[in-house]
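Examining the three-dimensional arrangement
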Amino acid sequence: LCVGLGGDASTAGKSGAYVVIDEEDLTVVHEARDSAVPISLVRFSPEGETLAVGTDDGSIYLYAVMDEYELIGRCVRHKDPVRSVDFSVDGEWLRSNSDGNDLCFFNSDDASYQSNLASMRDVRWASVTCKYTWHTQNVHRTAYAGEAVRNLHAPAPSSKFVGVGTNYGYISLFPLPTQHPEARSRRTLAHCGEVAGFNFSFDGKRLITCGTRDRCIVQWDVK
């Protein structure tokens, strides 16, 4: 397990650090701090060889897990907090979104930016959490002024649907890929206020959502 740390000025000594914990006994396996700003996300590559750590300043730090978490490099392109990262099936590439509503691609071997965006279009991804991609273009369509997608997740890359949570408290299921402008969705009011957390269970049979304002955790049966 990996935990990213962040906080206000009173916790500045730990903000920007990450901790890797043994899932069996919760002992600390590794701890490091290369950033001075809060961590916004952590994600392992599908084969477990690379750890990506996103931060509030838009950076993504890559670490070699098998080499005692040696720093591979720092992905620099975003200017806003990183909110989602997906690795390719082979672990060679990663894509990312930030609060700046942008999509970036990086090589996981050296953290270099991939400027040839067209070459990334047919890459197979090990997860679906980025809300700005070629395959999720129309999940942002809404009839409500000011509504925006906050979270996106699919049970598996091969899933026939993808779910989203919005700042208005709604969750919706769309077909995957969602590229047709008239693609239909199933929409449900889930929370009073913004959906802060949104994740399917490992088997895709349950959806867990968290609300910012109502402070509720809701479990949904997916049929």
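Refer to the structure presented above.
Residues numbered from 1 in each chain as written. Predicted model: local features only at pLDDT ≥ 70, side-chain atom pairs only at ≥ 80, totals over all residues. Heavy atoms only, no water.

Read from one edge of the open sheet, 4 strands run β4-β5-β6-β7, paired in antiparallel fashion. Every other strand in the sheet has two partners, leaving β4 (39-44) and β7 (70-76) as the edge strands with one partner each. Between one strand and the next, the sheet's axes are offset by a mean angle of 20°, whatever the strand orientation. Taken together, the 5 bridges between strand β5 (residues 50-55) and strand β6 (residues 59-64) define a ladder with antiparallel strand orientation. Within the sheet, the bridge partner assigned to L51 lies in β6 and is Y63. (Pairing = 2+ DSSP bridges. Helix = DSSP H or I, 4+ residues; strand = E, 2+ residues; numbered from the N terminus. Axes fitted to C-alpha atoms, helices over the stretch in contact; angles between N-to-C directions.)

This part covers a negative patch on the surface. There is a patch of like negative charges on the surface, built from E47, E49, D90, E92, D109 and D110. Assignment of secondary structure puts D90 in the loop between β8 (82-87) and β9 (93-98). Its relative accessible area of 52% is what places D90 among the exposed residues. (Patch = residues over 30% accessible without salt bridge, like charges linked within 9 Å, V, L, I, M, F, W, Y side chains within 5 Å. Areas by Shrake-Rupley, 256 points an atom, 1.4 Å probe, with all protein chains shown as cover. Salt bridge = Lys/Arg side-chain N within 4 Å of Asp/Glu carboxyl O. Lys, Arg positive; Asp, Glu negative; His and termini not counted. Charge placed at Lys NZ, Arg CZ, Asp CG, Glu CD. Buried < 20%, exposed > 50% of the residue type's maximum accessible area, 1.4 Å probe, protein only.)

Our next topic: the environment of K160. Topologically, K160 is positioned in the loop between β11 (149-153) and β12 (161-166). In this structure K160 comes out as exposed when scored by relative accessible area, which is 73%. Residues K160 and A111, 49 residues apart in the sequence, show an inter-C-alpha distance of 31 Å. Once residues within four sequence positions are removed from consideration, K160 is found in contact with F174, P175 and L176. (Contact = heavy atoms within 4.5 Å.)

Looking now at the sheet that holds strand β2 (residues 17-21). By way of backbone hydrogen bonds, the strands of a sheet pair with one another, either parallel or antiparallel. Ordered in space as β1-β2-β3, the 3 strands form an open sheet in which the pairing is antiparallel. Since the sheet does not close on itself, it has two edges, and those belong to β1 (2-4) and β3 (28-33), each with one partner. Sheet twist, expressed as the average angle between the axes of neighbouring strands with direction ignored, equals 15°. Strand direction decides the pairing type here: β2 and β3, joined by 5 bridges, are antiparallel. Paired with I21 across the two strands is V28, which belongs to β3.

All right, on to the nonpolar core then. Ranked by size, the top nonpolar core spans 12 residues in total: L41, A52, I60, L62, C75, V82, V85, F87, L94, C104, F106 and A111. Taken together, the elements giving at least two residues each to this core come down to β6, β8 and β10 (103-107). The leading source of residues in this core is β8, at 3 residues. Those residues in contact with A111 that sit more than four places away from it in its chain are L62, G73, R74, C75 and F106. (Core = buried A, V, L, I, M, F, W, Y, C linked by side-chain atoms within 4.5 Å.)

What follows is about unusual backbone geometry. For the bond from L176 to P177, the omega torsion is 5°, close enough to zero to count as cis. Examined against the element boundaries, P177 turns out to sit in the loop between β13 (170-175) and β14 (186-189). Phi at E68 is positive, roughly 55°, even though this residue is not glycine. Inspection of the secondary structure puts E68 in the loop between β6 and β7. Owing to a relative accessible area of 70%, E68 belongs among the exposed residues under this scheme. The backbone of R215 sits at a positive phi, close to 55°, despite the residue not being glycine.

What follows covers the packing of aromatic side chains. For the structure on display, the rule yields 7 aromatic pairs. Consider the rings of F105 and W134, whose centres lie 5.9 Å apart with planes at 15°: the pair is stacked. Of this pair, F105 sits in strand β10 while W134 sits in the loop between β10 and β11; the two residues are 29 residues apart in sequence, bridging distant segments of the chain. Owing to a relative accessible area of 22%, W134 belongs among the partly exposed residues under this scheme. Seen in terms of ring centroids, F161 and F200 are 5.8 Å apart; in terms of plane orientation they differ by 65°. Their pairing is edge-to-face. (Phe/Tyr/Trp six-rings, centres within 6.5 Å; stacked < 30°, edge-to-face > 60°.)

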